[in-house]
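A closer look at the structure
Letter by letter, the chains look like this.
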Amino acid sequence: MQTIRRSKLALVAFAALALSAVQANAQGFHDSNSIIQQLMPQNTGPMVRSMNPVSKRGINIQGQLPPTMDLPKVNVTVNFELGSARLTQDGMLALRSVAKALLHPSLENMTFQIAGHTDGRGDPAMNQTLSERRAKTVVDFLSINFEVPAERLIPIGYGFSRPMDPTNLMNPLNRRVEIINLQPLS
């Protein structure tokens, strides 16, 4: 009798875990392995060789990148409170996978741009400022809570200047945080 009860409890726990994984995937969450895979610099972007690893060949990696640059990146749905740079619980969960990926040995010595994007609602100047604040919040959250070195994370805001769905600026897909691997630039 006790064994049957334990089996039922184990089955219920497994079903709950599977359901939460399906819900997380539906919300645009990525597991750390898929983030690592997407961020690895494999045959993408302009490969620039440099004798000095600190030199970036005149490319300013602090500011906005040209939209045509093909760098390894992943778009992550990081939820914030409406019109705010305050993370929701879902946003914090999404960033846990990002932190785990950025701390993985294959990515641990690389620099990443943390790009905040908004949808087209509201004033463009307000959206620009909001995207910058949200990118900075992500950097702070990753460095404070997961000890991802802040010097490896460069926050930048794009407002709604680079939508994923340019035909519908209000599409929720446009509200995202993009993690871009800057390693190919060095």
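Bear in mind that the values here come from a model prediction, so they are computed numbers and not experimental data.

This brings us to the overall build of the protein. A tally of helices and strands in the protein yields four helices and four strands. Moving toward the C terminus, one meets the helices and strands of the protein in the order α-α-β-α-β-α-β-β. Here the protein holds 186 residues, and the buried ones make up 38% of them. If you take every contact in the protein between residues at least 6 apart in sequence, the share linking residues at least 24 apart comes to 81%.

Right, let's get into the packing of helix H2 (residues 32-39) against helix H3 (residues 89-102). Their axes nearest at 8 Å, the elements H2 and H3 cross at an angle of 55°. By the angle between their axes, H2 is oblique relative to H3. Once H2 is placed against H3, the crossing between them reads as right-handed. From H2, Ser-32, Ile-35, Ile-36 and Leu-39 reach across to H3, where they touch Ser-97, Val-98, Lys-100, Ala-101 and Leu-102. Here the residues of the contact of H2 with H3 are counted per class, giving six nonpolar, two polar and one charged.

Right, let's talk about the pairing of strand S1 (residues 73-76) for a bit. Alternating residues of S1 divide into Val-74 and Val-76, all buried, and Lys-73 and Asn-75, none buried. Across four bridges, S1 lies against strand S4 (residues 176-181) in antiparallel orientation. Counted as the bridge partner of Asn-75 is Glu-178 from S4.

Attention now moves to the sheet that holds strand S2 (residues 112-117). Pairing within the open sheet is mixed, and its four strands lie in the order S1-S4-S2-S3. The outermost strands of the open sheet, each flanked by one partner alone, are S1 and strand S3 (153-157). Sheet twist, expressed as the average angle between the axes of neighbouring strands with direction ignored, equals 20°. The pairing of S2 with S3 spans five bridges and is parallel. Bridging across to S3, Gln-113 finds its partner in Ile-154.

Residues Leu-102, Phe-112, Leu-142 and Ile-179 are the most contacted members of the largest nonpolar core, which totals 26 residues. Those elements giving two or more residues to this core turn out to be H2, S1, H3, S2, helix H4 (124-146) and S4. Per-element tally for this core: the top contributor is H3, with six residues. Apart from residues no more than four positions distant in its own chain, Phe-112 is found in contact with Leu-39, Leu-102, Leu-107, Arg-152, Leu-153, Ile-154, Ile-179, Ile-180, Asn-181 and Leu-182. Grouped together as the second largest cluster of nonpolar side chains are ten residues, Met-69, Tyr-158, Ile-180 and Leu-182 included.

Procedures and definitions
Residues numbered from 1 in each chain as written. Predicted model: local features only at pLDDT ≥ 70, side-chain atom pairs only at ≥ 80, totals over all residues. Heavy atoms only, no water. Helix = DSSP H or I, 4+ residues; strand = E, 2+ residues; numbered from the N terminus. Buried < 20%, exposed > 50% of the residue type's maximum accessible area, 1.4 Å probe, protein only. Contact = heavy atoms within 4.5 Å. Axes fitted to C-alpha atoms, helices over the stretch in contact; angles between N-to-C directions. Parallel < 35°, antiparallel > 145°, perpendicular 65-115°, else oblique. Left-handed = near helix turned anticlockwise from the far one by under 90°. Nonpolar A, V, L, I, M, F, W, Y, C, P; charged D, E, K, R; others polar. Pairing = 2+ DSSP bridges. Core = buried A, V, L, I, M, F, W, Y, C linked by side-chain atoms within 4.5 Å.

Remember, this is a structural readout, not a statement about activity or role.
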